Amino acid sequence: MGKRPAEEVVDGNQAYLKRQKITASVNAAPADEVCSARQLRKLLAFDQNAARSKHGIQTLKKFLDSFADPEDANAHRTSILREYLESQNSTNDEDKAELFLPDITQTWSFASQSNDDSLLSAVPAVLALLFRTISTIFEFTEYGMKLGRTLLLKRQQELIARGLTANKSKEFVISPVLRLLKELSIFDGGVFAKQVFRRRDQTFKGLARNLGLRYASNGVEDPRKPSVRTNALRLVLSAIKFLPAEAKRELLNQRDIVSALTKDIRDDPPFMVRDILETLKIHVLLDTKLPRDAKVKLVNASSLGRIAMLYRYDQPDNDPTTVKKAVDEVAHEFLVLACTSPDVGLMSRQSGFYPRGIDPDDIHGVDSDESFIDLGLDSIEWMDKYTEKVPVRNTILSDFIQNLRPWSSSKQSELLLSILKSAPELFADYYFGKKDFSFDPKLTSTWMGYSAFIFSSLQLPLPEYFGHQERYARLPPPPAVVLESILPQPLSQKVLTRCLTQPHNSLVTFFAIRILSIAMSKLAKALEMYQGAANGSGSSLWTQAANRLADEFCKRCPPIKEVIIAYRRMISTDLMQREAVTKLLVLYFEVVPRIALDAKFGVSAALADCLKAMDDTTLGPQDRVLRAMELENVFRFAQFSPGMRWFGKADGLSVSPFMAMLKLSAEAPADLPLLKLKSVLLSVVEENQILQNQTTISALDTFILRLRELDDSAHSSATYTFLDDCVSRCAAKPVKYIFALEEICAEIHKSEGIQSAVSLLSLAIIEQWPFMVKSAQDVALKETATFIARYLAASIKIHEDKRVIKNLIQKLAAETPENSAARHTLDQTRKLVDSIEVPDAKKIPLRFTAKPETNTISEIEKSKILSSLNPESGNEVEDHNALTKWTTKEVDEIIEGGYATSLITLLSSNILSIRKEAATNISKFAAKLKESSFDEKDQIWLLLSELVETAKQVIDQEPLSTFISAFASHALSVLNDPLHCMYPKINKFLTSGPIWPLDKIPLMFKILDESPSLDDAHYMEMGWLLAYMHVGLRTQADMTIYRKRHVFEKLFSIYNSTYLAPGLRDKILKIIFRAMSIEGGSTTLITRFSAMTWLQAQVSLGAGIPLKVLMETMLESCDQQRVRNWSKGASLGAIKVDTLRF
């Protein structure tokens, strides 16, 4: 219709006669003060007027908010709320269920029908607040249960789903529903959590999307005004906290929810990040009931990478007054636990340096006795295979660690080091993946950080037995894999040589020297392990592998001449670097002598320079210690030089190098004993026959102890000069002094051929003493005489030939002027014997003393092993209260809460009345279960019915066999979980007959001898069988059945399986120990099953200390007389000694 022409308008007011759009603008009235329950009912009564409905909801909200005020008394408000809640019951005609708060739920339904978003938001918000208020009042628990059941009805679930799937922009509609579900899940310790999760088609609808609705404003999110993501996170975390293990496992299988949980964690506020990580740590990783496969759903490579991004988290904390851990620290603790704990995280069982897919004990075709050419390591096809890539079992960790940046963060470095220490198989895999990372010497923060990480990683110890279990394998690991943990690929010969030839970057050179030193030390340890494996196996393969490892190391190691050039280039004041490089030179000769001889090094000149530097009186304490350590290394290096003149004085030096070593050892402080220098001294002393080595107390240590008593004065230098001359003469012509000693012995002992324990140095001192008397001053002579007297007195005390020493003292005194101080000192020598201090005999470094074998097991170690075998678990406490408690519980709670298991266990009670009462209660519960709507009721009813019929045969005369009740209780948990690997076998067993045989162990042969119901589930089935057999062995009657059914023969055979899954051997040992704890059990094991012979065989194969403890305990707990008769009079003490010798 067209507009009216202007000329038709007579009155101007007619222009405003157009129909106006009418909008009912109603200002929201302020919330009323609630004075009575009647007023509250009136305000909340259903009304189609939205304004009045909102007014009532706001009034209730204000009323509930007042409960949070601690200053006001809540007694009156509590009575009003109680009266109101008492009146709020009605019936839902649709499903005949009890409906609580019908007016509020009807208002909610009306808001949904009328698309009133504000009312649709207000109702769930006030219901969540009501739930929170009820939770704080213990007497209101009943009302909370009613409200929870109402919210779980179909109509309310539809309203909840409507709110959860609202448009993304309507956060004010979504958040209240999420808060309501969270309060419902955590109410009364999570009583509704499982039911909320069962209705996840409605309650978790759109949850993955809602987890992505982040806080969009500027600044940090306020905890009092959380975003949709925060509310959704709180819902998911509350479900994780309170759901039982099976439901939690199903929740973690929801890939979209679990992925969204950590997807935006870097943008979450600090309080939420802490809550996420702490909840996942406590209720997922540390939940022992949750299987590992469920945990891996959460901690995968992508989620770990997202959590690792928290190392760079920079959002400020809104609550600085409360002292809390930093977000990066919380993330670090979570990642360390998840990545390094095999029991709680994603780490799989691994075999150290043996790659996945190979059997290190398979020697088929290797070292055979047939007349073929022995190819050694070349006959093993996989030995040289892993030079570029190595297959690992921990693939998730392998992907994760490649994305870490240890050079940029100390915590990431700590995490990566922890992972490599816990899973050594990842060592080679990590460095194979870092070939493109350049280690060229550039003094940048990245290079320094990466160098520090490599150094720390090389400090990690080699895995015991190279990762094989409990003993060395028959075949060595691939040398290329071992080499990556010693000198990884980024440290090539070219790169290390460039690092050593940096004249202006001493820090780069220092890093290279330290890294090479730790690599050399680690190689020495690896070669020692190879030698130990070769000695134990008798195979040449380990020796060949060690040689190949050393060859590959030498190809990657820089030539020794580069190290020598770096040492010569260093200035004399750079003490720390000089000490490090001299230590590296020593390691070259000790570990890889094949390349150490490629260059010549004038050690005499270097030694002279070091000795002169040590005489510098201006050195501070720390500098003197570094000088001493450098000098010790040079002495050790000189030991490898065939042309070293130990007893020749260099220009500018007062004593020979050997005497300088003695002086350095004597002046070394207690906290710097210079033990390596002692080994050099001992080698030179024994080679030149200077001091005897026949006494139990070291003559060298005794001599050094006397040198420590000399004063640091000019007169002591005269003593050192005299002793240096005596030592040099003794080393130059030892035969001369040997003949002199033989003459003295023949004169004293009146016979020839007597070998006396006397040091040749003592004879040299006697020979040179007259010249000392003629040339020395009185003070210097007295000082030297004092040293000689104390030295000879100590020689007598360490049990050198006393008569020979006395003869030498007499000769010394005869050559000394009478009435001189020196003569008086020498005459008092024999009086010093009792008071003179000598070293401890335990410190003697004799070469030919055999190291005693330690066959005994410490009590602490034994108690730890016995506690791990859990001997107390045989005395389970019977829960008689279960006879009455189950009657007040729901069916699902009886089964999942352990009440049904307790009733089953009571069938094996020693008390007749308890057994009968238990059978009656099980029958009653079976009838109640049959009438319920429980999902697995038919199978569990059949199990309980057959159990009762079986028990009725014997419970009037004796307890039901423990293994029968143990089987039933373990089968109950299987039937409650249809995904369990034993579910098919249990159902097939139940349908085989109404009564179980009492003299057979259920399903034992079905599990051990037949194929599993599910692929790759054989060891899972076996673990279930061993678990219930361990619980089922408690009495002598049980032991009798186990004996008749050949249980222990089966267990011994299973234990020897090469491919047995981890943990099963421990379960077998627990069953054996349980049998030993039964009266007569140890005797039966020894006499009927030759258990002692089997244990000895296992220990000889390297089974470890636990089996030794079992052997010892078995001998102690058996019937000594019967075993002695059975063994035809063998001594049990001798058997025990032979046992511990393995």
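Residues numbered from 1 in each chain as written. Predicted model: local features only at pLDDT ≥ 70, side-chain atom pairs only at ≥ 80, totals over all residues. Heavy atoms only, no water.

Turning our eyes to something else, we now look at the pattern of salt bridges. Following the criterion strictly, the structure yields 39 salt bridges and no others. Between D938 and K930 there is a salt bridge, with the nearest N and O atoms lying 3.7 Å from each other. On the accessibility criterion, D938 (42% relative accessible area) is partly exposed. Within this structure, R132, K182 and E183 form a network of salt bridges that share partners. (Salt bridge = Lys/Arg side-chain N within 4 Å of Asp/Glu carboxyl O. Buried < 20%, exposed > 50% of the residue type's maximum accessible area, 1.4 Å probe, protein only.)

Soluble, globular proteins show a tendency: their nonpolar side chains are buried together. Among the nonpolar cores identified, the biggest contains 275 residues, and F400, F553, Y588, F635, F658 and W769 are the most heavily contacted of them. The two domains that each donate at least three residues to this core are domain 1 (30-89 + 97-166) and domain 2 (689-833). Residues in contact with F635, not counting those within four places in the same chain, are L607, L611, W646, P657, A660, M661, L664, L677 and V680. Ranked by size, the runner-up nonpolar core spans 94 residues in total, among them I894, L1003, M1039 and L1060. (Core = buried A, V, L, I, M, F, W, Y, C linked by side-chain atoms within 4.5 Å. Domains from an automatic or database assignment. Contact = heavy atoms within 4.5 Å.)

Next up on the list: the packing of helix α37 (residues 760-775) against helix α38 (residues 778-797). Where α37 contacts α38, the two axes come as close as 12 Å, and the packing angle between them is 160 degrees. One way to sum up the angle between α37 and α38 is to call them roughly antiparallel. For the element pair α37 and α38, the recorded crossing hand is left-handed. Along the contact surface, α37 presents L761, S762, I765, W769, M772 and V773, while α38 presents A780, L781, T784, A785, I788, Y791 and L792. (Axes fitted to C-alpha atoms, helices over the stretch in contact; angles between N-to-C directions. Helix = DSSP H or I, 4+ residues; strand = E, 2+ residues; numbered from the N terminus. Parallel < 35°, antiparallel > 145°, perpendicular 65-115°, else oblique. Left-handed = near helix turned anticlockwise from the far one by under 90°.)

Phi at L101 is positive, roughly 55 degrees, even though this residue is not glycine. For L101, the location among the structural elements is in the loop between β2 (97-100) and α4 (102-113). For L1003, which is not a glycine, the phi torsion comes out positive at approximately 65 degrees. Structurally, L1003 is set in the loop between α48 (983-990) and α49 (1004-1009). According to the relative accessible area criterion, L1003 is buried, its value standing at 8%.

With that out of the way, let us pick up the packing of aromatic side chains. Within the structure shown, the criterion is met by 38 aromatic pairs. When the centroid spacing of 5.7 Å and the interplanar angle of 85 degrees are considered together, the rings of W447 and F511 count as edge-to-face. Taken together, the residues span a long stretch of sequence, with W447 in helix α22 (residues 445-458) and F511 in helix α25 (residues 506-537) at a distance of 64 residues. On the accessibility criterion, W447 (5% relative accessible area) is buried. Residue F511 is classed as buried on the basis of its relative accessible area of 18%. Against the face of W941 rests K930, its NZ or CZ located 4.3 Å from the ring centre. One Lys or Arg, R1065, reaches over the ring of Y1055 and ends 5.5 Å from the middle of that ring. (Phe/Tyr/Trp six-rings, centres within 6.5 Å; stacked < 30°, edge-to-face > 60°. Lys NZ or Arg CZ within 6 Å of the ring centre and 35° of its normal.)

A cluster of nonpolar side chains, namely L443, M448 and L507, defines an oily patch on the protein surface of about 220 Å² accessible area. On the secondary structure map, L507 appears in helix α25. (Patch = residues over 30% accessible without salt bridge, like charges linked within 9 Å, V, L, I, M, F, W, Y side chains within 5 Å. Areas by Shrake-Rupley, 256 points an atom, 1.4 Å probe, with all protein chains shown as cover.)

Right, let's talk about helix α3 (residues 75-86) for a bit. Given 3.6 residues per turn, any residue in an α-helix points the same way as the ones three and four places further on. The terminal C-alpha atoms of α3, which comprises twelve residues, lie 16 Å apart, in line with the 16 Å expected from a rise of 1.5 Å per residue. Along α3, the positions that sit buried rather than exposed are R77, T78, I80, L81, Y84 and L85. For α3, the angular spread of buried residues about the axis comes to 160 degrees, placing them on one side. In this structure, α3 carries A75 and H76 as exposed residues pointing more than 90 degrees from its buried face. (Expected span 1.5 Å × (residues − 1). Arc of directions from axis to C-beta.)

Let us look at the confidence of the model for the protein chain. Chain-level pLDDT for the protein chain is 82 on average; 88% of the residues reach the 70-or-more range. When mean pLDDT is taken per element in the protein chain, helix α20 (residues 410-422) scores highest with 92 and helix α58 (residues 1132-1140) scores lowest with 50. Under a pLDDT of 50 for its full length, residues 6-12 has, in the predicted model, two contacts with residues more than four places off or in other chains. Low pLDDT (under 50) marks residues 367-372, which in the prediction has three contacts with non-local residues, meaning those over four places away or in another chain. (pLDDT = per-residue confidence, 0-100.)

Looking now at the side chain of K522. With respect to the helices, strands and loops of the structure, K522 is situated in helix α25. Buried charged residue K522 carries no salt bridge. Nearest counter-charge: E484, at 11 Å. One polar contact links the side chain of K522 to the main-chain carbonyl oxygen of L460, over a distance of 2.9 Å. Dropping the residues within four chain positions of it, K522 is found in contact with F427, S457, L458, L460, L462, S485 and I486. (Lys, Arg positive; Asp, Glu negative; His and termini not counted. Polar contact = N/O pair within 3.5 Å; in protein donor to acceptor, adjacent residues only side chain to side chain.)

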